[in-house]
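One letter stands for each residue in the lines below.
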Amino acid sequence: MSWEVVIGLETHVQLKTQAKIFSGAATAFGAEPNRQACAIDIALPGVLPVLNRAAVVCAIKFGLAVGGHIAPRSVFARKNYFYPDLPKGYQISQYETPVISGGRIVFTLGEQEKTVRLIRAHLEEDAGKSLHEDFHGKTGIDLNRAGTPLLEVVSEPDMRSASEAVAFAKALHALVVWLGICDGNMQEGSFRIDANVSVRRPGEPLGTRREIKNLNSFRFLQQAIEYEVGWQIAELEEGRAIEQTTVLFDPASGVTRAMRSKEEAHDYRYFPDPDLLPLEISPAWIAQIAAEMPELPDAMRTRFMHAYGLPAYDAGVLTSSLALARFFEQTVAAAGAANAKAVANWIMGEVAARLNREEKTIEACPLTPNQLASLIRRIADGTLSSKLAKQVFEALWMGEGENADAIIEARGWKQVSDTTLIEPLLEEAIARNPKSVEEFRAGKEKALNALVGQVMKASGGRANPQQVAELLRKKLSG
Amino acid sequence: MIAAPLTELSAALAEKRISSVELVTLYLERIEKLNPLLNAFITIDREKALTAAQAADAQRARAKGEVVSPLLGIPFAHKDIFCAKGWRTTCASRMLANFVAPYDAHVVEKMAAAGVVMVGKTNMDEFAMGSSNETSYFGPVKNPWNLDCVPGGSSGGSAAAVAARLVPAASGTDTGGSIRQPAALCGITGLKPTYGVVSRFGMIAFASSLDQGGPMAQSAADCALLLNAMAGFDARDSTSLDRPAEDYRRELDKPLTGLRIGLPKEYFGAGLDARVSATITEALAEFRRLGADLIDVSLPNAGLSVPAYYVIAPAEASSNLARYDGVRYGHRAREYRDLIEMYEKTRAEGFGAEVKRRILIGTYVLSHGYYDAYYLKAQKVRRLIAADFSAAFACCDLIMGPTTPTPAFRFGEKSADPVAMYLSDIYTIAANLAGLPGMSIPCGFVDGLPVGLQIIGPWFAEARMLNAAHQYQLVTDWHRRIPPLTP
């Protein structure tokens, strides 16, 4: 009998605010240890938290994007536990009433559209970091990260495979970056995933879950779930029960290991934080943020298909990030809607390949949408052959001209379509290649290509190959 | 000069009959002479005080007769619960015995802006947990009226210092009666404002939803002057109230004709010392002579205030005191094998018995499975208590009664019995639970020990309370009595 895998994810999305969630200290990554920790972050006696409204704006944007309920009144609670990098001895989080409840993420897995429901998303503060290296048996504490705003997004256990979990996580990642509420940098810990994994016989109630903590790459998420599922199935098939616990994934060995029970035996003693008033969000505030929201990826994908006649695949690729979608739309605006497919092809082809080779993202593209559009317009009107177009692209990429026209002008690359100029080249090619002429006349269509090639070469690539072929055909059959 | 209330000292400074340096020197001399008897101060800084006094005198000279703050150059002491930049701020705990605050509390900032000269930090119960000052790591404060008796707590150092005229006024904090109860036991005037009127920023937290700072002085008029300086919105405290500034002296001179004073029957029942009761009754008769009407009211849930308080306050405290873990500042155990032992030894050594007791109670009532039965229930009781007051204030303007059930008790008398100790706050706690303003004014003596009359008002009725107290103080002299102390 087969096993069914059940996965739910809890994702810590680090919010892209200038200041921390309850203090004015900066949130930038990579500062010297404890240089971005103020009196409030280090929990000096007498200090008090004050909520940063920018973090709430991020939560509202997310709630609107996933169609969740935005609580008119939510409560910050204290989650009490001792740890050296938790300065107050409690974390300010939301417990009984989160800012966002419900909502869903829609994404595609292969050809299939999937929906994962969300249970909640709540605001909380991050802890600092314990540094175990470099201190010879002691532990260093860096509180720069303490108080960084997080949105913890908790999904329903709606996923049924590691691949599905990864696809969901990628869609969530793309969404929060799209909304501009997270920088998405997984290496710096801006997007950290806990995976709750259990297995069961189809139709039976949920099995006991184990929680894999702190996965900071999609690859580790995939590997960790796959290992965990295999381990759980093996245990159950051996007749052993699964114990609910927290596990860590070791990327080096590729296995999950249970944490010591002492580390997880917590009673967090949640209670409403008396230092903070309930968070109140008015319909007017939500409306104001809704008016400033960017178009969401789903809506934009559909619009690209309808407005520009793009295939679903193209529309999906071009809406994989807001920056890419904007690049596309700006290029189309300059090149003309009739060239939309050509724009899509160039962005997904040459531009993507070149960016990839240089390990750049679209934000760092040296080519502007206007420059790309100038190139595509000159291809469309027959000024550039595809071979010349690639050279113009290269020149633009290297910053050798303001736009395609400037490069064409400077290098004399304009396609030659004046027959009086081409005529002598045709005569010369025919005279020099009697064998090809003979073969073509004998009915070998391919022989014409060789002659066209000769003419193109002689023109320095500036002749239009279709026109040359047509003229040759006329000449040889005349 | 030492016997003069703030208002008179202020006038003397304004008329240049004395300089701030001279005045501060007078008080410092008295502190040096009498503090060894009373132990009212944890820290005294003569040098800082004289430097500030010189600055105050210079500021007055520069003003060239222009109006300056009435508090400019006045000697003042802060309870050692307020962080003051560059000052050791201990909260009377071994945990913070060597902690020098790197920033000023809002109250310290406001008082400094008003020109007071800080001469020192006053002793208190450890982390403000206590009603007798016996829990201070720095030893108990003595009651200036009888050195064998407690001064009350937790603001016992401020109360004793003002009573003995070691300073003309001081700051205090009140979580369950910590301004009013020691004010009553030491015979001074103390005011706990409406929750949110005085910022808690920089005031070391005991129970965040109950803590409120306020003035402790010789008279209602002095308290009004001090509250004008101390109150005000502070964006750094999310529970601070953003309302227009008030002049708390504006109603001082109003006659009390027609003032309706509610007397809750629950505050005059069993447990109230008969002689205290008689003293209070006599004070109330004085109010009637001043034109007020006395009305019987009821606070049916008054009996629930002590149990509700001893769930809520320890719950919040258990969490507020978690930051004292030896990791970043404060006391850390000298030797430990691992992290857990570092926590255990640090906190075992750093906290006294009463603080530990409240952390344990608080941890227990918040624990999984007990939260609803204790914390949630206590919060519901809290709403009932607030509703009782709202109902009472529908038919009276102020509530009056005893501040404490007995005058000052002897050292050791209640320290072995926590519940007996907790009951000494039986009349004061409800105002904290309801967030109401409360004050205590001297109204007589029993066995040579002062008795305090408590006044509780509706939210933001401080000016009305100060008016009633001031009118009473115009016709009585209890607040002018000074304990006979000789070194």
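Residues numbered from 1 in each chain as written. Chains lettered and ligands numbered in written order. Predicted model: local features only at pLDDT ≥ 70, side-chain atom pairs only at ≥ 80, totals over all residues. Heavy atoms only, no water.

1. Some points on the overall build of chain A
Move 1: Across its full length, chain A holds 16 helices and 17 strands.
Move 2: In terms of overall size, chain A is more extended than a compact globule, its C-alpha atoms giving a radius of gyration of 30 Å where 478 residues would be expected to give roughly 23 Å.
Move 3: Its C-alpha atoms put chain A at 95 × 55 × 50 Å along the principal axes.
Move 4: In chain A, which comprises 478 residues, the proportion classed as buried is 50%. (Helix = DSSP H or I, 4+ residues; strand = E, 2+ residues; numbered from the N terminus. Rg over C-alpha atoms; globule rule 2.2 N^0.38 Å. Buried < 20%, exposed > 50% of the residue type's maximum accessible area, 1.4 Å probe, protein only.)

2. A short note on the overall build of chain B
Move 1: If you tally the helices and strands in chain B, you get 15 helices and 11 strands.
Move 2: The C-alpha atoms of chain B give 21 Å as radius of gyration, which agrees with the globular expectation for 487 residues (23 Å, within 12%).
Move 3: Considering only C-alpha atoms, chain B reaches an extent of 65 × 55 × 45 Å along its principal axes.
Move 4: Residue pairs in contact within chain B that sit at least 24 positions apart in sequence constitute 76% of those at least 6 positions apart.
Move 5: Charged side chains in chain B number 49 positive and 49 negative. The centres of these two groups are separated by 2 Å. (Contact = heavy atoms within 4.5 Å. Lys, Arg positive; Asp, Glu negative; His and termini not counted. Charge placed at Lys NZ, Arg CZ, Asp CG, Glu CD.)

3. Some words on the environment of Y422(B)
All names here are of chain B.
Move 1: Examined against the element boundaries, Y422 turns out to sit in helix 13 (residues 418-422).
Move 2: Note: C-alpha distance between Y422 and G130 (292 residues apart in sequence) is 8.1 Å.
Move 3: The residues contacting Y422, other than those within four sequence positions of it, are Y310, E354, R357 and R358.

4. A look at the domain arrangement of chain A
Move 1: Splitting chain A by domain gives domain 1 (4-286), domain 2 (295-411) and domain 3 (419-477).
Move 2: Taking only C-alpha atoms into account, the centre of domain 2 of chain A sits 33 Å from that of domain 3 of chain A. (Domains from an automatic or database assignment.)

5. Considerations on the nonpolar core
Move 1: Ranked by internal contacts, the top residues of the largest apolar core, which has 168 residues, are L71(B), F127(B), F287(B), F389(B) and M400(B).
Move 2: Ignoring anything within four residues of it in the chain, the contact list for F389(B) reads Y267(B), L299(B), I399(B), A430(B), A434(B), L436(B) and I456(B).
Move 3: In this structure, I21(A), V153(A), I181(A) and A195(A) belong to the second largest nonpolar core, which totals 67 residues. (Core = buried A, V, L, I, M, F, W, Y, C linked by side-chain atoms within 4.5 Å.)

6. Notes on the pattern of salt bridges
Residue and element names in this part refer to chain A.
Move 1: The tally for this structure, following the rule as stated, stands at 52 salt bridges over all chains.
Move 2: A salt bridge links D273 to R78; the shortest N-O distance between them is 3.1 Å. Taken as a pair, D273 in the loop between strand 16 (271-272) and strand 17 (279-280) and R78 in strand 4 (residues 76-80) lie far apart in primary sequence, 195 residues in all. By the burial criterion, D273 is buried, and R78 matches it. (Salt bridge = Lys/Arg side-chain N within 4 Å of Asp/Glu carboxyl O.)

7. Description of the pairing of strand 13 (residues 210-215) of chain A
Residues in a regular strand point their side chains to alternate faces of the sheet.
Move 1: Here strand 12 (residues 191-200) of chain A pairs with strand 13 of chain A via four bridges, running antiparallel. In the strand pairing of strand 13 of chain A, V197(A) is matched with R210(A). (Pairing = 2+ DSSP bridges.)

8. Side note on the interface of chain A and chain B
Move 1: If you look at the interface, chain A gives 30 residues, while chain B gives 39 residues.
Move 2: Taken together, the two surfaces of chain A and chain B that pack against each other cover about 2700 Å², and 60% of this comes from carbon and sulfur.
Move 3: For the chain A face of the interface with chain B, the top three residues by lost area are P45(A), F82(A) and R269(A), together amounting to 23%.
Move 4: At the junction of chain A and chain B, the tally comes to one salt bridge.
Move 5: Salt-bridge contacts for R200(B) lead to D275(A); the nearest nitrogen and oxygen are separated by 3.1 Å.
Move 6: The interface formed by chain A and chain B holds 17 residue pairs in polar contact (both at pLDDT 80 or more) in total.
Move 7: Secondary-structure elements contributing two or more residues to the side of chain A that touches chain B are strand 4 and strand 16 of chain A. (Buried area = accessible area lost by both parts, 1.4 Å probe. Polar contact = N/O pair within 3.5 Å; in protein donor to acceptor, adjacent residues only side chain to side chain.)

9. Some details on the packing of aromatic side chains
Move 1: Under the criterion given, the structure shown has 32 aromatic pairs over all chains.
Move 2: With a centroid separation of 5.3 Å and an interplanar angle of 80°, the aromatic rings of Y308(A) and F328(A) are classed as edge-to-face. Of this pair, Y308(A) sits in helix 6 (residues 297-308) while F328(A) sits in helix 8 (residues 322-335), and the two are 20 residues apart along the sequence.
Move 3: For F328(A), a relative accessible area of 0% puts it in the buried group.
Move 4: Aromatic rings pair up to connect F99(B), F127(B), Y324(B), Y329(B) and F351(B) into one cluster. (Phe/Tyr/Trp six-rings, centres within 6.5 Å; stacked < 30°, edge-to-face > 60°.)

10. A closer look at the sheet that holds strand 5 (residues 90-94) of chain A
Move 1: Strand order in this open sheet of three strands is 5-4-16 (chain A), and the pairing throughout is antiparallel. Both edges of this open sheet fall to strand 5 and strand 16 of chain A, since each of them pairs with a single strand only.
Move 2: Relative to strand 16 of chain A, strand 4 of chain A runs antiparallel, the two being bridged by two bridges. By the bridge assignment, A77(A) is partnered in strand 16 of chain A with P272(A).
Move 3: Strand contacts of helix 9 (residues 305-320) of chain B: strand 4, strand 5 and strand 16 of chain A, with the helix running at about 65° to strand 4 of chain A, the strand carrying the most contacts. (Axes fitted to C-alpha atoms, helices over the stretch in contact; angles between N-to-C directions.)

11. A few points about the side chain of T428(B)
Residues and elements named next belong to chain B.
Move 1: For T428, the location among the structural elements is in the loop between helix 13 and helix 14 (429-434).
Move 2: Relative accessible area serves as the criterion here: at 0%, T428 is assigned to the buried category.
Move 3: Within the structure, T428 has its side chain in polar contact with the backbone oxygen of G176 (distance 2.7 Å).
Move 4: For T428, the contacting residues outside a window of four places in its chain are G176, G177, R180, T403 and Q454.

12. Some remarks on the packing of helix 8 (residues 274-289) of chain B against helix 15 (residues 462-475) of chain B
Each pair of packed helices gets described by two things: the angle between the helix axes and the distance between those axes.
Residues and elements named next belong to chain B.
Move 1: Contact geometry for helix 8 and helix 15: axes closest at 10 Å, N-to-C directions at 95°. Put simply, helix 8 runs roughly perpendicular to helix 15. Judged by residue contacts, A283, E286 and F287 of helix 8 engage A468, Y472 and V475 from helix 15.
Move 2: Split by residue class, the contact of helix 8 with helix 15 holds five nonpolar, no polar and one charged. (Parallel < 35°, antiparallel > 145°, perpendicular 65-115°, else oblique. Nonpolar A, V, L, I, M, F, W, Y, C, P; charged D, E, K, R; others polar.)

13. Re the side chain of E10(A)
Residues and elements named next belong to chain A.
Move 1: For E10, the location among the structural elements is in strand 1 (residues 4-14).
Move 2: For the buried E10, no salt bridge is present, and the opposite-charge side chain at shortest range is R209, 5.4 Å distant.
Move 3: Within polar-contact distance, the side chain of E10 engages the side chain of N196 at 3.2 Å.
Move 4: With near-sequence residues (within four places) excluded, E10 lies in contact with E152, V153, V154, R192, I193, D194, N196 and E211.

14. Section: the pairing of strand 2 (residues 75-79) of chain B
Residues and elements named next belong to chain B.
Move 1: Along strand 2, five of the five residues are buried, which leaves the element largely enclosed by surrounding structure.
Move 2: Judged from the five bridges that link them, strand 2 and strand 3 (residues 117-122) form a sheet pairing that is parallel. Considered in strand 3, the bridge of F76 is made with M118.

15. Side note on helix 10 (residues 369-380) of chain A
All names here are of chain A.
Move 1: Here helix 10 spans 16 Å end to end across 12 residues, near enough to the 16 Å set by a 1.5 Å rise per residue.
Move 2: Those residues of helix 10 not exposed but buried are P369, Q371, L372, A373, S374, L375, I376 and R378.
Move 3: On the buried face of helix 10, the contacting elements are helix 8, helix 9 (340-357), helix 11 (386-397) and helix 12 (404-411). (Expected span 1.5 Å × (residues − 1).)

16. As for unusual backbone geometry
All names here are of chain B.
Move 1: Note the cis peptide between G153 and S154, where omega equals 5°.
Move 2: You can see S154 is positioned in the loop between strand 3 and helix 5 (156-163).
Move 3: Unlike most non-glycine residues, K16 shows phi in positive territory, near 55°.
Move 4: Mapped onto the elements, K16 comes out in the loop between helix 1 (6-14) and helix 2 (20-38).
Move 5: On the accessibility criterion, K16 (56% relative accessible area) is exposed.
Move 6: Within the chain, N39 stands out as a residue other than glycine whose phi angle is a positive 60°.
Move 7: When you line up the elements, N39 lands in the loop between helix 2 and strand 1 (41-44).

17. A word on a nonpolar patch on the surface
Residues and elements named next belong to chain B.
Move 1: On the surface, Y364, Y370 and Y374 cluster together to form a nonpolar patch covering roughly 280 Å² of accessible area.
Move 2: Within the fold, Y364 resides in helix 11 (residues 353-365).
Move 3: What makes Y364 partly exposed here is its relative accessible area of 39%. (Patch = residues over 30% accessible without salt bridge, like charges linked within 9 Å, V, L, I, M, F, W, Y side chains within 5 Å. Areas by Shrake-Rupley, 256 points an atom, 1.4 Å probe, with all protein chains shown as cover.)

18. Some points on the environment of A241(A)
Residues and elements named next belong to chain A.
Move 1: Structurally, A241 is set in the loop between helix 3 (218-237) and strand 14 (245-250).
Move 2: Given the relative accessible area of 71%, A241 is considered exposed.
Move 3: Here the alpha-carbon distance between A241 and G207, two residues 34 residues apart in the chain, equals 9.7 Å.

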